[in-house]
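Each chain, written out:
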Amino acid sequence: MRLSTRVALAVGVVVPLLVLASGALLIRLVAADLHAQQDAHLRERATAVAADAKALLRATAADRPAAEQARTRRLFSSALDVGIRLTGPEGTVSGGPQPDASAPLPARASAPVTIRAGGVRWRVLSVPVNGGRKGVGGTLWLFSPDAATKTQLQQVRRRVVTVALLAAPVSGLLAWTAAGRAVRPLRRLQQRASGLDPRVSAVRLDHTPARITEVDDLAHTLQTVLARYDEQAARTGEALATARSFAAVASHELRNPLMSMGTNLDILAGHPGLPDDERQEVVDDLRAEHARVLGLLVMLRALAQGDLVEEDAFGPVDAAELVDASAAGLRRRHPEARVEVTAAPGLLVHGWEQGLRSLTDNLLANAAVHGRAPGGRPDVEVLLRRSRDERAPAVVLTVDDHGPGIPPEARAAVFARFHRRPDSPGSGLGLTLVAQQIALHRGTIAVLDRPDGTPGTRFEVRLPLSGVRDPEPTLPLPRRDWLSERSGEPQGFHKDGP
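So, a few notes on the structure that sits alongside this text. Everything numeric here is computed off the predicted structure, so don't read it as measured data.

## A few points about the overall build of the protein
Here comes step 1: Counting its secondary structure elements, the protein contains nine helices and 13 strands.
Here comes step 2: Within the protein, buried positions represent 39% of all 498 residues.
Here comes step 3: A separation of at least 24 residues holds for 66% of the contacts in the protein among residues at least 6 apart in sequence.
Here comes step 4: About 28,200 Å² of surface is accessible on the protein, with carbon and sulfur atoms providing 57% of the total.

Next comes the structure, spelled out in structure tokens:
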């Protein structure tokens, strides 16, 4: 059923009910007004005939029949249209319209009351009469039939019912017309929205404000739902692209080590009598290739996670605890390395904790593997501090090593995927993971010389600082294509320095 029809039916039912309810109240008020007028008339007649009633009582007490008859006629003439009944010591005199003498009367009726007698309603008023002599007194009763009031009330009831019956179709028709005009913007919105199919078309809801709050709110809700659908569809597309890229990259990069492992296995299987030294060499090659395959898969998985992380994974992260945990992990993997950490406490970054841990782990591992002096042990120095620029507060992380350094012209290439030195044991994805997290957290990274002039490299990372109680909300996450991008530097990655 259409909304306009529902409104018309509702109004067509409610309006007559309101008319009837108002009519019932009106009838009560009219009845009260009519009774007030009738009571005022009774009191007025009672005042007018009081003197004649006293005179009649005195004439009756004096036993003067002629005067008594004259006073009686005068009493009834003064009463006009009101019934009179005067009770005294000598009897009762009555005249005019009144209930039967057998009808019970109240003991007193100093204020007008209603009685029923023979199916007729009467308004009754009693007034005590003092004849001016001892033993001369009585009660004057005045009666007024309630038929006129009843007739007027019946006329009011009929009119109320007539108005209610007329109000039902008229109000329903008017409501249907008004509701039809009112829902016209909603119908236009429905027609515009019904033609949208986000699966086959990029066209979205174009709504002109109708200045009707409910319609505008509904249009805004629909636009929000479609925008979220587009966002989710885009994320689904990114996830599918990431999955395809993961499969393609893994297939390409794992081909050589797997073939090498297969060759070594064939050697072991085809030459059971291989000398021990040669067998050990083949086994060492297998272990190295296995470690390379495992490391490559771990790195590719981490890149895929970075490409698919959502905003709800972000929160306040204690940078000092993160750096200390990474340093402890490096010491376990490289017991021979000297790792010196200086971290200022209380520095919070609004970020993805797992991604930031991957950033610090790979920076420190890169320094330990590639940053050792010839013939020396790994020497890594880590400094965590707050930036001095209060206009853009940031957490500054520097990692220094004592390796041969990186020439300025080669510094940009170290973040490219699968870029590694020929003698490197890594997968070539460690610094790519660092660059991915820098872009994801809208930070910057610079590759510099050591500030003391000694051989080595400094990696300096800057990440936006956030407070504990009022962390800055993350901006919409940038486009993530580190696993599928071929250029080696996806959009959104920022490098400082040469």
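Text resumes after the structure shown.
## As for the nonpolar core
Here comes step 1: Ranked by size, the top nonpolar core spans 36 residues in total, and within it L363, L384, L397, F415 and F459 carry the most contacts.
Here comes step 2: Looking at this core, the elements with two or more residues in it are α7 (319-333), α8 (353-370), β9 (379-386), β10 (394-400), α9 (430-440), β11 (444-449) and β12 (457-464).
Here comes step 3: Those residues in contact with L397 that lie beyond four places of it in its chain are V323, L359, T360, L363, V382, L383, L384, F459, E460 and V461.
Here comes step 4: A79, V82, L140 and L142 belong to the second largest nonpolar core, which has 16 residues in total.

## Describing the pattern of salt bridges
Here comes step 1: Per the counting criterion, the structure on display carries 14 salt bridges.
Here comes step 2: One salt-bridge network, in which partners are shared between bridges, spans R338, E340, D379, E381, R450 and D452.

## Quick look at the environment of A337
Here comes step 1: With respect to the element layout, A337 can be found in the loop between α7 and β7 (338-343).
Here comes step 2: Since its relative accessible area comes to 10%, A337 is described here as buried.
Here comes step 3: Between the C-alpha atoms of A337 and V380, which are 43 residues apart in sequence, the distance is 7.6 Å.

## Observations concerning the packing of α7 against α8
Here comes step 1: Their axes nearest at 9 Å, the elements α7 and α8 cross at an angle of 45°. By the angle between their directions, the pair α7 and α8 is classed as oblique. Here α7 runs over α8; the crossing is right-handed. Judged by residue contacts, L322, V323, A325, S326, A327, L330 and R333 of α7 engage E353, L356, R357, T360, D361, L364, A365 and A368 from α8.
Here comes step 2: Broken down by class, the residue content of the contact of α7 with α8 amounts to nine nonpolar, two polar and four charged.

## Details of helix α2 (residues 65-79)
Here comes step 1: Over its 15 residues, α2 runs 21 Å from end to end, which matches the ideal 21 Å to within 8%, given 1.5 Å per residue.
Here comes step 2: Looking one or two residues beyond α2, the residue adopting positive phi is L80, at roughly 60°.

## Observations concerning unusual backbone geometry
Both trends apply: most residues other than glycine have a negative phi, and most peptide bonds are in trans.
Here comes step 1: A positive phi angle is found at R442, which is not glycine, with a value near 55°.
Here comes step 2: The topology assignment puts R442 in the loop between α9 and β11.
Here comes step 3: Given the relative accessible area of 39%, R442 is considered partly exposed.

## Considerations on a nonpolar patch on the surface
Here comes step 1: The grouping of V13, V14, L17, L18, L20, V161 and L165 at the surface amounts to a nonpolar patch, some 650 Å² of accessible area in total.
Here comes step 2: Broken down by element, the nonpolar patch gets its largest block of residues, five residues, from helix α1 (residues 3-61).
Here comes step 3: Secondary-structure assignment places L18 in helix α1.

Rules used throughout
Residues numbered from 1 in each chain as written. Predicted model: local features only at pLDDT ≥ 70, side-chain atom pairs only at ≥ 80, totals over all residues. Heavy atoms only, no water. Helix = DSSP H or I, 4+ residues; strand = E, 2+ residues; numbered from the N terminus. Buried < 20%, exposed > 50% of the residue type's maximum accessible area, 1.4 Å probe, protein only. Contact = heavy atoms within 4.5 Å. Areas by Shrake-Rupley, 256 points an atom, 1.4 Å probe, with all protein chains shown as cover. Core = buried A, V, L, I, M, F, W, Y, C linked by side-chain atoms within 4.5 Å. Salt bridge = Lys/Arg side-chain N within 4 Å of Asp/Glu carboxyl O. Axes fitted to C-alpha atoms, helices over the stretch in contact; angles between N-to-C directions. Parallel < 35°, antiparallel > 145°, perpendicular 65-115°, else oblique. Left-handed = near helix turned anticlockwise from the far one by under 90°. Nonpolar A, V, L, I, M, F, W, Y, C, P; charged D, E, K, R; others polar. Expected span 1.5 Å × (residues − 1). Patch = residues over 30% accessible without salt bridge, like charges linked within 9 Å, V, L, I, M, F, W, Y side chains within 5 Å.

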